[in-house]
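# A structural walkthrough
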Amino acid sequence: MNNYIIRRIVQAIPLLFVISIVSFSLIKLAPGDPVLSFVTPDMGADDVARIRQSMGLDQPAYVQYFAWFKNVLTGDLGYSLVSHRPVSTMILERIPATFGLMGASLLLSLLFALPLSMLAGAKQNSIPDRILSLLSYIGISIPSFWFSMMLIYLFAVEFHWLPSMGMRTIGVDSIWDILKHGILPCTVLTFINVSVYMRYIRSNTISQLEEDYVQIQYAYGASTGTVLLRHVFKNVILPVVTILGMSLPELIAGAFITESVFSWPGMGSLGITAVHGLDYPVIMGITMISSILLVIGNLAADILYGAVDPRIKTTG
Amino acid sequence: MNTMRLRHLRSQFRQQKTGVAALVILTVFVLVSLFAFLVPHDPNLIVVMERLQPPSAQHWFGTDDYGRDYLARALYGGRVSLAVGFLSMAIAVCVGTIVGTASGYFGGWVDNVLMRIVDVLMSIPSFFLMLILNAYLKPGIGTIILIIGALSWMNIARIVRAEAMSIKQREYVLYARVSGQAPSRIIAKHIIPNVMPTIIVSATINIASAILMESSLSFLGLGVKQPNSSWGSMLNDAQGFIVDAPYMAVFPGLFILLTVLSFNFLGDVFRAAFEPKANKR
Amino acid sequence: MKSKNLLLSLVLAATAVLASACGGGGNTAETTKPAESSAAADEGQPKDGGSIIIAVQDDPKVLNPIYAGDRVTLTIDQSLYAPLFTITDGKKEYVLADSDSFSDDHLTYTLKLKDGLKWHDGQPITADDVVFTMDSILDENQHSSSRDQFVLDGKPVKVTKVDDLTVQFVLPEVSAAFEGGLAGLSPIPKHVFEGEKDIEKSEKNNNPIGSGPFKFKEYRAGEYVTLERFDDYFAGKAHLDSVTYRIAKDPNAANLALENGEIQMRMVDTQDYNRLEQTGKFNLEIYPEGRLQYMVFNLNVPSMQKKEVRQAIAYALDKNELITASYSSGDFAEPAASILTPDTLYHTDDVQTYDYNAEKAKQLLADAGVSGLKLRLAYTNTNKPQTSQALYIQQKLKEVGIEIELLPMDGTAYGNKTLDMNNKDFELSFGGYIMGAEPDAYKSLFLSDAAYNYSHYKDADFDALWSKGAVEIDTAKREELYKQIQQKVADEMTVYPIAYTKAIVAIDNTYGGVEEAQPKPVVMLADLSKLYKK
């Protein structure tokens, strides 16, 4: 097992390298020139050339890449081309907001989705199952920006219960205040996540319950609850583990729409601004962090697979 | 096998009324968007004096902020949304299934290479890929389909792979291998039918998310190119008038909801019908 | 999202403020006592205390006026830094400066600062700071984008300290535009930045020391920037205790927050006007932005080289309808005829206008021997008014037999294409600029070889008019030169002016002193120190 983990980590290094090259090439090949966002009509051609040079953008792309790469090895993610602030600072500023929101919603999603959808699967076609299914259908059918706007309109504008935007009331610095601001965006993300998880878990529960081994358990007189907890749970958790592993990088940039609508000061909104300005140091920084999280997520998922389903040998 | 499945499908439809309702709704949507030209309004005709009119006898769905007939736009928009949803799902499912089964069944270096490619693509944030791909490709509906398809097959591949890995350890597959059947035959006869429920569930979710992703693209300003419309782009444009003209958000919102719901209901019917376990009974 | 990508117009807008007369943080220095003006009459004396939350679209960039170039940074700098002086509608108002004068040969310019000025950290503002600021701008290693304005004929302006409050500028050649370039320039503190290798990347910008009515308190990335009252402001303490600029990315959500009272001030779109007015909760200021919205013909493409064709297109469009389609009503945009905005010196309406006349358009096309014309129209895909205009123009030109293909483009790609001197990818495109009061600034959009000459119209005589205008000191002669320029463009129809657009700022009506705070293009209010909580 330990060997396996070490090997996966060693494998991840070239992967990260490839990701960085692919992302960098994508940015550099994209039509558009980051310098242009600084060019103004009163600047002469030599002003433009000077700015280009000062940002190192006059060099060929591969030279820029290796300059970037060398700095990253020393832990320096460079300076944003747009705001001229250190990329590492910019990302660190955003991490608490993003992790807080996404972490809370992932946790809540699991807490709701697992019991509810196993129940729904076990009591297929019962009234609770129908209600839950309908809700989950709606959850995956609703455009998130539209849902967000509706929530803002209802809970902030009509009822005045909750703030509509941001993460803090100006001048107030309390956890309670942040939680209050987090309720609406977290609701949007959780509702959508639960709906997605539920579809997988419910249909899996149903098919597991039809498996021979379950039928045998029933024949031996096991109760539904025991079967669900002892046997089905282990098997339905498999797809959830995969989805969770894939959700980790979303911690970084997945919720960009929700972040934008609620002006949540997270990584997603930073990323969108950066892509618009072809601000490659920032894009690369975000991409690399999300890649590292993905590697961790996948590794964790595969290890969990091995733990949950002994039929899968972690040798591949 | 096939006739049996069809029989199961028919009996499922008899059992599940929602499935029939879904079929009816989808058929209606497909038909009305195909025959959208019967609406006596040009969907792109701007009438400055008739901006933001609420629904009336003349304009059943009212007019938008350019004074264009909203019903006509919704119907023509339906064509785009349905086409985007269906075609990009098709791309995603084909690629995802091929990659997923190959990876899961063969394992070893095939699995390694394919999954590393998936890893690379998945670890680049999707909005970044969207924005960059959009900058490369000429804007248009084909581009949107390609972008969405290209962004969504990886999920399916990973889920299918996980299933395939599990299925290939089952006794009947092991038996087939020992008895010297060709891998292609094993994949076609044993692996694919067994991952089918997962693929179908994925596909329904995928069609839903494709239609939704199209609206996300609109949100980023990369959606369907004006003067054309899609439900997603209409919904996005309606955000600015949520207080003045709520009907503008209601119609496309409702259409998206109904369409996606229907696809999901259908997916459940298919799943129930195609499930190998169900066949045994 | 919607207006975020008005790359071009924003860039242009930004320049304008740097380049020209519309600067001015606390331009209230020597004006009449605002507290006694009209607003005070019916609402009593302005009270002190309270705060305001203003919505901005994005995070600010470097909070340093020698680099500011985007809307958000300029808006915040407006309260943080005070300029030397401003020029509004041709009237000069001294802020940090006390007086200025030109020598008789117009080559030496002397500027005197007020006595007793203080930076936010209590240090005195002196001639050293002005010299340091100018040196930094002129230092190529600091890559300030304002540098070119102070380089005349390839030689930089020489700036020297005369005494603690007096600075002398020696110009390499006579320039009528120099003063306009200096207006709105805000000095930066020498004692803070001296010795910094790269001022733009300096950590010191994270805690800016300014000279305006409000001083920096806190910045939280992605959330807000808070400024608090600077008690030693020379023109009198601000009424409000603090000002917060809240970053609100999504315009629709920001509107709801505004109605909800979480935000008290925001620049809104024309489509929001009626609704906000009906709530009765807002003071809605509509004022000219000093901005021209236009369509430009790309003469690189042969089909656009015939003047008759360009004129025919102008005749085929109904400008009033075009404006209604894109700005809801004529209240929010004034039909434009000249390339110079009304607030620019020597603006004239005495140019050829093209009143809607489809017959004449068809006639002109027939005379030019053109039929079945197919044109491509490019614009920024996230820009709502441009989209509306494109749709309208497509429909309207169909009536005279011209087919238009719409090319909505990503902001960056669009900016890139329009700057390509050999671009032949489209015949028509939209743009908007705010160039300020000094007409000379406009030449970068019209000279034959200028990067921003989007029409690619090249004419030596026309260039000569601009060069003469830049150095002509006699006002009457200068006026005549710029009149010829405006008439020439209108006649050649290389640029189709659409409208002088207006900005709408919504301010919660529990605040008073809006008029005294002076609504201003780009930055919303020129002087927030005059705003007070009722």
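Per the secondary structure count, chain A includes 13 helices and zero strands. In sequence order, the secondary structure elements of chain A are arranged as α-α-α-α-α-α-α-α-α-α-α-α-α. Along the first, second and third principal axes, the C-alpha atoms of chain A reach 85 × 55 × 35 Å. Pairs at least 24 apart in sequence give 74% of the contacts found in chain A among residues at least 6 apart. Of the accessible surface of chain A, which amounts to about 13000 Å², a share of 69% is contributed by carbon and sulfur atoms. Positive and negative side-chain charges in chain A, numbering 18 and 19 respectively, have mean positions lying 10 Å apart.

As a further point, take the overall build of chain C. Helix and strand counts for chain C stand at 16 helices and 23 strands. Here the C-alpha radius of gyration of chain C, 24 Å, is about what a compact globule of 534 residues would show, namely 24 Å. When burial is assessed residue by residue, chain C has 64% of its 534 residues classed as buried. Across chain C, the fraction of contacts at a sequence separation of at least 24, relative to all contacts at a separation of at least 6, is 71%.

Right, let's talk about the interface of chain C and chain B for a bit. Each partner contributes to the interface: chain C provides 25 residues, whereas chain B provides 23 residues. Interface of chain C and chain B: buried area, both sides summed, is about 2000 Å²; carbon and sulfur atoms make up 59% of it. The tally of links from chain C across to chain B stands at zero residue pairs in polar contact (both at pLDDT 80 or more). Those elements giving two or more residues to the side of chain C that touches chain B turn out to be α7 (251-260), α8 (270-279), α10 (319-327), α12 (384-398) and β17 (403-409) of chain C. Grouping the amino acids of the side of chain C that touches chain B by side-chain chemistry returns eight nonpolar, ten polar and seven charged.

Once that is clear, we can look at the packing of aromatic side chains. Evaluated as defined, the whole model comprises 37 aromatic pairs over all chains. Taken together, a centroid distance of 5.2 Å and an interplanar angle of 75 degrees make the contact between A:F24 and A:Y280 edge-to-face. On the criterion of sequence distance, the pair formed by A:F24 in helix α1 (residues 2-29) and A:Y280 in helix α13 (residues 280-308) is long-range, its members being 256 residues apart. For A:F24, a relative accessible area of 4% puts it in the buried group. Their ring planes at 90 degrees and their centres at 6.3 Å tell us that B:Y70 and B:Y247 sit as a pair that is edge-to-face. Of this pair, B:Y70 sits in helix α3 (residues 70-106) while B:Y247 sits in helix α10 (residues 247-274), placing them 177 residues apart in sequence. One exposure class covers both B:Y70 and B:Y247, and it is buried. Lying across the ring of C:Y496, C:K319 places its NZ or CZ 4.7 Å from the centre.

Residues and elements named next belong to chain B. With their axes 6 Å apart at the nearest point, α3 and helix α6 (residues 141-167) run at an angle of 35 degrees to one another. At the point where α3 passes α6, the crossing takes the right-handed sense. For the contact of α3 with α6, the per-class residue count stands at 21 nonpolar, nine polar and one charged.

The subject of this paragraph is the interface of chain A and chain B. Chain A puts 58 residues into the contact, and the matching count from chain B is 55 residues. In total, chain A and chain B occlude about 5200 Å² of area from one another, counting both sides; carbon and sulfur atoms represent 69% of this. Connecting chain A to chain B are zero salt bridges. Taken together, chain A and chain B are joined by zero residue pairs in polar contact (both at pLDDT 80 or more). Secondary-structure elements contributing two or more residues to the side of chain A that touches chain B are α1, α5 (127-141), α6 (144-158), α7 (175-209), α9 (224-247), α11 (256-261), α12 (267-276) and α13 of chain A.

All names here are of chain C. Taken as a whole, this structure holds 29 salt bridges over all chains when the rule is applied. Across the pair D58 and K249 runs a salt bridge whose closest N-O atoms are separated by 3.0 Å. Pair noted here: D58 is in the loop between β1 (51-56) and α3 (71-80) and K249 is in the loop between β12 (242-247) and α7, with a separation of 191 residues, a long-range link. Each member of the pair D58 and K249 is classed as buried. E179 is paired through a salt bridge with K92; the nearest N and O atoms lie 2.1 Å apart. Here K92 lies in strand β3 (residues 91-94) and E179 lies in helix α5 (residues 178-182), a separation of 87 residues in the sequence. Look at K92 and you get partly exposed, because its relative accessible area is 28%.

Right, let's get into the domain arrangement of chain A. Residues and elements named next belong to chain A. Taken domain by domain, chain A holds domain 1 (2-73) and domain 2 (90-308). Taking the mean C-alpha position of each, domain 1 and domain 2 sit 32 Å from one another. Carbon and sulfur atoms supply 81% of the area that domain 1 and domain 2 bury against each other, a total of about 1500 Å² over both sides. At the boundary of domain 1 and domain 2, one finds zero salt bridges. At the junction of domain 1 and domain 2, the tally comes to zero residue pairs in polar contact (both at pLDDT 80 or more). No other element matches α1, which puts 13 residues into the side of domain 1 that touches domain 2. When the residues that make up the side of domain 1 that touches domain 2 are grouped by side-chain class, the tally is 14 nonpolar, four polar and three charged.

Right, let's talk about a nonpolar patch on the surface for a bit. There is a patch of nonpolar side chains on the surface, built from A:L29, B:I91, B:V95, B:Y136, B:L137 and B:L146 and spanning about 480 Å² of accessible area. In this fold, B:L137 is placed in the loop between α5 (126-136) and α6. Residue class for B:L137 comes out partly exposed when judged on its relative accessible area of 31%.

Attention shifts here to unusual backbone geometry. Residue and element names in this part refer to chain C. Of note in the backbone geometry, H456 takes a positive phi value of approximately 55 degrees without being a glycine. Note on placement: H456 falls in the loop between β18 (428-434) and α14 (460-471). On the accessibility criterion, H456 (7% relative accessible area) is buried. One non-glycine residue, Q518, lies in the positive phi region at around 60 degrees. Tracing the backbone shows Q518 in the loop between α16 (514-517) and β21 (519-520). On the basis of relative accessibility, which here comes to 25%, the residue Q518 falls in the partly exposed class.

Our next topic: the nonpolar core. Formed by 136 residues in total, the largest nonpolar core has its most connected members in A:V261, A:Y280, B:F127, B:F128, B:M130 and B:I191. The two domains that each donate at least three residues to this core are domain 1 (2-73) and domain 2 (90-308) of chain A. Here B:I191 is in contact with B:T101, B:Y105, B:A164, B:I167, B:K168, B:V173 and B:I186, once residues within four sequence places are set aside. Among the nonpolar cores identified, the runner-up in size contains 92 residues, and C:A257, C:M295, C:M409 and C:L481 belong to it.

Now for the confidence of the model for chain C. Overall, the predicted model of chain C reaches an average pLDDT of 85, with 92% of residues at or above 70. Under a pLDDT of 50 for its full length, residues 1-42 of chain C has, in the predicted model, 140 contacts with residues more than four places off or in other chains.

Attention now moves to α7(A). Residue and element names in this part refer to chain A. Taking 1.5 Å per residue as the helical rise, α7 with its 35 residues ought to reach 51 Å, whereas the 44 Å between its terminal C-alpha atoms falls clearly short. When the local axis directions of α7 are compared, the greatest deviation, roughly 40 degrees, occurs at I183, which is followed within four positions by the proline P185. Buried residues dominate α7, accounting for 25 of its 35 residues.

Moving on to the pairing of strand β5 (residues 108-113) of chain C. Residue and element names in this part refer to chain C. With burial as the criterion, only one face of β5 is covered, namely that bearing Y109, L111 and L113; the residues T108, T110 and K112 on the opposite face remain uncovered. Where strand β4 (residues 97-102) meets β5, five bridges bridge the pair, whose relative direction is antiparallel. Within β5, the position partnered with F102 by the bridge is Y109. The hairpin formed by β4 and β5 contains five residues between the paired strands, and H106 there has a positive phi angle of roughly 60 degrees.

What follows concerns the sheet that holds strand β8 (residues 158-163) of chain C. Residues and elements named next belong to chain C. Strand order across the open sheet formed by four strands is β4-β5-β9-β8, with antiparallel pairing between neighbours. Looking at which strands have only one partner, the edges of the open sheet turn out to be β4 and β8. Direction aside, the axes of adjacent strands within the sheet are offset by 20 degrees on average. Relative to the sheet, helix α4 (residues 127-138) contacts β5, β8 and β9 (166-170), its axis offset from that of β8 by approximately 170 degrees.

Reading the values: rules and limits
- Residues numbered from 1 in each chain as written.
- Chains lettered and ligands numbered in written order.
- Predicted model: local features only at pLDDT ≥ 70, side-chain atom pairs only at ≥ 80, totals over all residues.
- Heavy atoms only, no water.
- Helix = DSSP H or I, 4+ residues; strand = E, 2+ residues; numbered from the N terminus.
- Contact = heavy atoms within 4.5 Å.
- Areas by Shrake-Rupley, 256 points an atom, 1.4 Å probe, with all protein chains shown as cover.
- Lys, Arg positive; Asp, Glu negative; His and termini not counted.
- Charge placed at Lys NZ, Arg CZ, Asp CG, Glu CD.
- Rg over C-alpha atoms; globule rule 2.2 N^0.38 Å.
- Buried < 20%, exposed > 50% of the residue type's maximum accessible area, 1.4 Å probe, protein only.
- Buried area = accessible area lost by both parts, 1.4 Å probe.
- Polar contact = N/O pair within 3.5 Å; in protein donor to acceptor, adjacent residues only side chain to side chain.
- Nonpolar A, V, L, I, M, F, W, Y, C, P; charged D, E, K, R; others polar.
- Phe/Tyr/Trp six-rings, centres within 6.5 Å; stacked < 30°, edge-to-face > 60°.
- Lys NZ or Arg CZ within 6 Å of the ring centre and 35° of its normal.
- Axes fitted to C-alpha atoms, helices over the stretch in contact; angles between N-to-C directions.
- Left-handed = near helix turned anticlockwise from the far one by under 90°.
- Salt bridge = Lys/Arg side-chain N within 4 Å of Asp/Glu carboxyl O.
- Domains from an automatic or database assignment.
- Patch = residues over 30% accessible without salt bridge, like charges linked within 9 Å, V, L, I, M, F, W, Y side chains within 5 Å.
- Core = buried A, V, L, I, M, F, W, Y, C linked by side-chain atoms within 4.5 Å.
- pLDDT = per-residue confidence, 0-100.
- Expected span 1.5 Å × (residues − 1).
- Bend = angle between axes of the 7 residues up to and from the residue.
- Pairing = 2+ DSSP bridges.

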